[in-house]
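Read off the chains here:
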Amino acid sequence: MDARYEPETVEHAAQAFWEASDAFRVTEDPTREKFYCLSMFPYPSGRLHMGHVRNYTIGDVISRYQRMRGKNVLQPMGWDAFGLPAENAAMQNNVPPAEWTYENIEYMKAQLKRLGFAYDWSREFATCDPSYYRWEQWLLTRLHAKGLLYRRMAEVNWDPVDQTVLANEQVIDGRGWRSGAPVQRREIPHWFLKITDYAEELLEAIDTLDWPDAVKTMQRNWIGRSEGVEMDFPVDGGDPLRIYTTRPDTLFGVTFMAVAAGHPLAIDAAKGDAKLAAFLEECRQGGTSEAALETAEKQGMATGRYAINPMNGERIPVWVANYVLMGYGTGAIMAVPGHDERDHEFARRYGLEIRQVIAPADGTALDIQAAAWTSKEDMVTVNSGQFTGLSFQAAFDRIAEHIEQLGLGERRVNYRLRDWGVSRQRYWGCPVPVLHTEAGEVPVPDALLPVVLPGNAEGEDPTAPLAKRPGFVETTDPATGRPARRETDTLDTFVESSWYFARFACADNDAAMLDERADYWLPVDQYVGGIEHAILHLLYARFFHKLMRDEGLVSSGEPFTNLLTQGMVVAETFYREQGGRTTWYAPAEVVVARDDKGKVTGARLQADGQPVEVGPIEKMSKSKNNGVDPQAMIERYGADTVRLYMMETSPPDQMLEWSDSAVEGAARFLRRLWRIVHEHVSTGGLPAPGTAVDVATLDDAGRALHRQTHETIAKVSDDVGRRYKFNTAVAACRELINAVSERAGEPTHRAVVHEALEAVVLMLAPVVPHACHALWHALGHGSPVIDARWPEADPSAMARDEVELVVQVNGKLRGRVTVAAGADRDTVTAAAMQVENVARHVGGKSPRKVIVVPGKLVNVVV
C-alpha cells in the first residue's frame, strides 16, 4: 500500500471494483434473512445538499452493517421526478420539464456514486417515466371502480401564481408554500382518494410501528378521532342546519350559528343581499387550511335567518363566518362563545351574547366575558336546565340520549382527516386515467395505458396545462367510437411517492404493477427520512399500502416497520443590512474569529475586509445562503471524510451543526489510521487471515489491548446495530486506535495489534468504505471487506480480574475504587469506605444503606 493516503485514488479504486463486480446487485433468496433499507428518494433538483448527504449516509451505514451481519440487503435509489420546480425551471430556461429533470438526474446520480453509496442501481427509476406511472394509473382505474377515486365539486386552496391547487399542508400563514402568494378559495371539480374509509385502521395500526413517538403523535392528531353528536338545528322557513359537536355539554350556551361562505343557506340568503354576496366572495379569497383560519382575523355577516336551539327553544341568529369551511364537517357549527376561543373572538367583535354553561367543579369564579373557558376536566354544567350539575361525561351521555330521543341526531365517531384531494392543474404530473364520454366518466381501459403526457412541439409553451393542449384533450370513446375528452388534471406528486418503495422490489416487471418479490422484501425494515414528512408522505404511503393490500398486490399491512428521522444540518449565518435590504453571505465568503472555546466573536467579508453581522444558526438553505456544497467538500477531503464527519458529529436523530474544524479533524483521523496500518504492514509479516491471538503469550499490556478490542466490538455492535448511535461507535474506534498506537511497533504485541486493526477496519467499513476497502487488502485479505463478516466479541476476552467502581455519597460522585471482579457486597462496601474522599463525606456516620450495582457503582447513603 502507498505510504500516503490519497482519498481520490483510494475512492476511485474502490468504486471501480464495486462497479466491475456488480457488488450491490441483489436478488431474492428465501434461505436468507432479508433486510430492506430505504432512504426517502430525492427530487432531482440539480445538486445534492448536505441534508441529502446525511440522510443517505445514515441509510448506507445501516445497509452495509446489515450486509456484514449476513443478511440479504436491498438498498435501492430512484427519483421523485414530477412537480412544480421542473415547470418553474422550464419557464425560466425555456426547456421542457422532462429535459431539465433527466439532466439533473444524471448529475445527481454521479454525485451519489461519488459518495460510494451501496445502491442496487439496477432497480433505479424516475417517477416521471411512463413505465412507472402506467401502474399507478392502472391501480387508480381499480380504485375508481370501487368508488375510492371519485370526483366532486370542492372548495380548494388556489395559488394564483403557481396556478394550481394546494393541499392544506402546503398553505403557510395563508400563502402558497412555494410561491408565497396569498391563497384564494375556489370551487372546482376535484379528484379525491377516499382515505377516510381507512381512518380507523390507519389510527389503530400506529401502535404497531417502531417509529419515533413524535411522528406517531402527529399522525394520531392528524387523523383526529373524536366522539360527538351529529344533530339538526331547525331553521325558520328552511332546511335544518346539521352540525357535529364534541361538546354537547355546552348546547345550552349556543348564542348563534355560523356557516361557511359556500353553505347553501349562505348562498340562498345572499341572493337578495348585495352586501352579503360581496362578503361571500371576499371569503373565497382566503385559504382553506386550518392554519390560515387560526391566524386570520375573524369576520362575519348576519344572514337574517334564525335557527332554533332544540334544547331550550331559543331563536338564534345564523351568521356567515370566515373561520367556517365547507370542507370541514358539515360547513355549519353551533357557536358557544363562552367555551370556544374562536367563537369568543367572533362574538366580542360583533357584540353577540356570551353565556356561561360550564364552570370549574371547585366553584372558582370565571370572567367568561373576558376569555373562553374550554376545559373538560374538573367541570360541571351550569345554566343548563335539567342537565345542570353534571360532569362532562355525564352531561355528554344524558344530552346525547335526549337528542336521540327527540329524533334530532345521533352519537357519531368523526375524524379530522379529510379525503385526499389529488387533482393538480399542471402539466408536469401523472395524468388522471379517466375519459369523459357521452355516458359519463369511464376509466381508461388497461390496453390504452399508460396515458402519456404529450411532448412539447417547437415554440410551444413547455409547461402549458393539459387543458390547453387540444391534441391531448380530444379523443374517442374506445367503447363507442364517439368523441370523448381526456381528463386534464394531473395527480398530486405525493401519489408517486406513496408506493415507490414497493416498485423497487420488482422494478423490471413490465407486465404487472407488483409481483411476488414485493412480499419477499416488504415491509421496509428501516426507513430513513426527515420528520417534515411525518404527515403528508408517511400517512399517504401507509394508506396506499393498504390500498395495494386490498387489491391483492401485497400481503403486509404497513409499508415501513422502523423509521429513523434524521436531524437537520445547520450552519452559522452571516449578513449585512443596507438600505432596508438584507444580503446573506455564504460561510466560504466570510473570515470568522473565535474565542478559545470556539464561540464566534466576529466575522468579516473576505471580499472587502469589512465586518458582517453574525446571525443565528439555522438549517442550511438557499434563502440564508449558509449551505456548504458537498461536491466542494468531497473534492477537497474525499467522500470518506464527509461520510465520517456526518456520522461522528452527532446522533443521527439530532441536529448536526456544521463545523469546518471538525471536518478537518475527520480528515486527520483517516490519515492517521492509514499511517498506522501502513507502518504495521511494512514492518513485518502478517498472520494468515483468521488466525486467533494466542492469549497465553500476552503480557499485561497485550491482554489489556486484546480486552479493549473485544469490548469495543461489543460496544460498536450495540451502537450501530441496535441504538443507531454512530457517533459513539466512531468515538470507540478512535479510542481503540489510540490504544493501538501505544503498542504499535512492539514485536511482542504484533499479533494483538493486528487483531485490533482488523477489528477497527471492519467496524469502520460501513462508515468509510473506500479507505477500509484498501486497508482490508493491506492487512492481508484477498476477499473484499464488503464480503467480510462483522466481528464478534469474545466474552472470555472481556473478562477482567479487577473492576473499577464509581463511589457516590448520597448520589454524588466522591471517588473510585478498584476491587476484584466478582467481589461480594461486604468486600465492595469495605473498599469503598476506605477511599479518603468518601470517608470525609461520610464523616464517621453509620450509613443508613449502601447500594451496590455490580461492576458499576457503590452509593453510600448517610
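Scroll up to find the structure.
Below you will find a few notes about this structure. Sequence order as written defines residue numbering, which begins from 1 separately in each chain. Given that the model is predicted, a residue must reach a pLDDT of at least 70 before its local features are reported, and side-chain atom pairs must reach 80 or more before they are shown or counted; all residues, however, enter totals for whole chains, interfaces and linings. Side-chain numbers here rest on the full set of heavy atoms in the structure, without hydrogens or water.

## Focus on the sheet that holds strand β27 (residues 574-578)
Then, number 1: In this analysis, strands are considered paired if DSSP registers two or more bridges between them. Each helix is a run of DSSP H or I of at least 4 residues and each strand a run of E of at least 2, with the numbering of both proceeding from the N terminus. Reading across from one edge, β28-β27-β31 is the order of the three strands in this open sheet, with antiparallel pairing throughout. The open sheet is flanked by β28 (581-585) and β31 (613-614), the only strands paired with a single partner.
Then, number 2: With five bridges joining them, β27 and β28 adopt antiparallel strand pairing. Within β28, the residue paired with Y575 across the bridge is W584.

## Description of the pattern of salt bridges
Then, number 1: Any carboxyl oxygen of Asp or Glu within 4 Å of a side-chain nitrogen of Lys or Arg constitutes a salt bridge here. Tallied over the full model, the rule gives 55 salt bridges.
Then, number 2: Across the salt bridge formed by R411 and D397, the nearest N and O atoms sit 4.0 Å from each other. With a gap of 14 residues between them, R411 in strand β16 (residues 409-415) and D397 in helix α12 (residues 392-406) connect regions that are remote in the sequence.
Then, number 3: Each residue is assigned to one of three classes by its accessible area relative to the maximum for its type, calculated with a 1.4 Å probe on protein chains only: buried under 20%, partly exposed between the two thresholds, exposed over 50%. Residue D397 is classed as partly exposed on the basis of its relative accessible area of 32%.
Then, number 4: For E410, the salt bridge goes to R412, with nearest N and O atoms at 3.2 Å.

## Section: helix α5 (residues 130-146)
Two residues of an α-helix separated by three or four positions point the same way, owing to the 3.6 residues in each turn.
Then, number 1: Expected helix span is computed as 1.5 Å times (number of residues minus one). With 17 residues, α5 extends 24 Å between its outermost C-alpha atoms, agreeing within 8% with the 24 Å of an ideal straight helix rising 1.5 Å per residue.
Then, number 2: Capping of α5 at its N-terminal end is provided by D129; its side-chain oxygen lies 2.8 Å from the backbone amide nitrogen of S131.
Then, number 3: Phi turns positive one or two residues past the end of α5, at G147, with a value near 80°. Think of a polar contact as two N or O atoms within 3.5 Å of one another; within protein, one of them needs to be a possible hydrogen donor and the other a possible acceptor, and neighboring residues in sequence only count if both atoms come from side chains.

## Details of the layout of surface pockets
Then, number 1: By volume, the second largest pocket is sized at about 1,200 Å³.
Then, number 2: Every residue lining the second largest pocket is counted, 33 residues in all, and those nearest its centre are Y244, T246, I333, D340 and R342.
Then, number 3: Elements that contribute at least two residues to the lining of the second largest pocket include exactly β8 (225-235), β9 (238-245), α10 (290-295), β13 (332-335), α11 (341-350) and β16.
Then, number 4: If you tally residues by element for the lining of the second largest pocket, the top one is α11, at four residues.
Then, number 5: The classification used treats Ala, Val, Leu, Ile, Met, Phe, Trp, Tyr, Cys and Pro as nonpolar, Asp, Glu, Lys and Arg as charged, and all other residues, Gly among them, as polar. Considering only residue class, the lining of the second largest pocket consists of 11 nonpolar, 10 polar and 12 charged. Lining residues are those with an atom within 4 Å of a point, where the points come from a 1 Å grid over the protein atoms alone and group into cavities, where a 1.4 Å probe fits but cannot get out, or pockets, open sets with protein on both sides within 12 Å along at least five of seven lines. Grid points are joined across faces, edges and corners, and a volume is the space filled by probe spheres set on the points.

## Here we look at the sheet that holds strand β26 (residues 569-571)
Then, number 1: One open sheet holds the three strands; their spatial order is β32-β26-β33, and the pairing between them is mixed. Bordering the open sheet on either side are β32 (618-619) and β33 (656-657), each of which pairs with just one other strand.

## Remarks on the packing of aromatic side chains
Then, number 1: A pair of Phe, Tyr and Trp rings is counted when the ring centres sit within 6.5 Å of each other, with Trp represented by its six-membered ring. The angle between the planes then sorts it: under 30 degrees is stacked, over 60 is edge-to-face, the rest tilted. Inspection of the entire model under this criterion finds 36 aromatic pairs.
Then, number 2: Ring centres of Y119 and W121 lie 5.6 Å apart, and the angle between their planes is 90°; this geometry places the pair in the edge-to-face category. For the pair shown, Y119 and W121 are each scored as buried.
Then, number 3: On the basis of an interplanar angle of 85° and a centroid distance of 4.6 Å, the ring pair of Y520 and W521 is categorised as edge-to-face. Comparing Y520 with W521, the two get one shared label, buried.
Then, number 4: Ring-pair connections join several aromatic residues into one group, and the members of that group are F41, F125, Y132, W499, Y500, F501, F504, Y527 and F560.

## With respect to the environment of S384
Then, number 1: Within the secondary structure layout, S384 lies in the loop between β15 (379-381) and α12.
Then, number 2: The spatial distance from the C-alpha of S384 to the C-alpha of Q356 is 9.4 Å, given a sequence separation of 28 residues.
Then, number 3: It only takes one pair of heavy atoms within 4.5 Å for two residues to be counted as in contact. Leave out the neighbours within four places in its chain, and S384 touches F252 and V357.
Then, number 4: A distance of 2.8 Å separates a polar side-chain atom of S384 from the backbone oxygen of V382.

## Comments concerning the nonpolar core
Then, number 1: Counting residues in hydrophobic clusters, the biggest one holds 176 residues, and the most contacted among them are W420, Y500, F501, M548 and W658.
Then, number 2: When neighbours within four sequence positions are excluded, W420 is seen to be in contact with W191, F192, L193, I195, D492, F494, V495, S498, Y540, F543 and F544. Here, nonpolar core refers to any group of buried Ala, Val, Leu, Ile, Met, Phe, Trp, Tyr and Cys residues whose side-chain atoms link them within 4.5 Å.

## Focus: the packing of helix α19 (residues 660-682) against helix α23 (residues 769-778)
Then, number 1: Geometry is summarised by axes, namely lines fitted to C-alpha atoms with helices restricted to the contacting stretch, and by angles between N-to-C directions that run from 0 to 180 degrees. Between α19 and α23, the shortest axis-to-axis distance is 10 Å and the interhelical angle comes to 15°. On the basis of the axis angle, α19 is roughly parallel to α23. Considering only the axes of α19 and α23, their crossing is left-handed. In this structure, α19 contributes L673, W674, V677 and V681 to the contact, and α23 contributes A771, A774, L775 and A778.
Then, number 2: Partitioned by chemical class, the residues of the contact of α19 with α23 number eight nonpolar, no polar and no charged. Comment on the angle field: the value is read as roughly parallel under 35 degrees, roughly antiparallel over 145, roughly perpendicular from 65 to 115, and oblique elsewhere. Two helices cross in a left-handed way if the nearer one is turned anticlockwise from the farther one by less than a right angle. They cross in a right-handed way if the turn is clockwise.

## Quick word on the side chain of E755
Then, number 1: Its place among the elements puts E755 in helix α22 (residues 750-764).
Then, number 2: Under the convention used here, Asp and Glu are negative, Lys and Arg are positive, and both His and the chain ends fall outside the count. Buried within the structure, E755 lacks any salt-bridge partner; its nearest side chain of opposite charge belongs to R707, at an N-O separation of 11 Å.
Then, number 3: Side-chain polar atoms of E755 contact the side chain of H710, separated by 3.0 Å.
Then, number 4: For E755, the contacting residues outside a window of four places in its chain are V693, H706, T709 and H710.

## Points about unusual backbone geometry
Backbone phi values are negative for most residues with the exception of glycine, while trans is the configuration of most peptide bonds.
Then, number 1: With an omega of 5°, the peptide bond between L449 and P450 qualifies as cis.
Then, number 2: Inspection of the secondary structure puts P450 in the loop between β20 (440-443) and α13 (470-473).
Then, number 3: The linkage connecting L522 with the following residue, P523, adopts the cis geometry, with an omega of 0°.
Then, number 4: Among the secondary structure elements, P523 is positioned in the loop between α15 (516-521) and β24 (524-529).
Then, number 5: You will see that D378, though not glycine, has its phi angle at about 50°, which is positive.
Then, number 6: Relative to the helices and strands, D378 resides in the loop between β14 (358-360) and β15.

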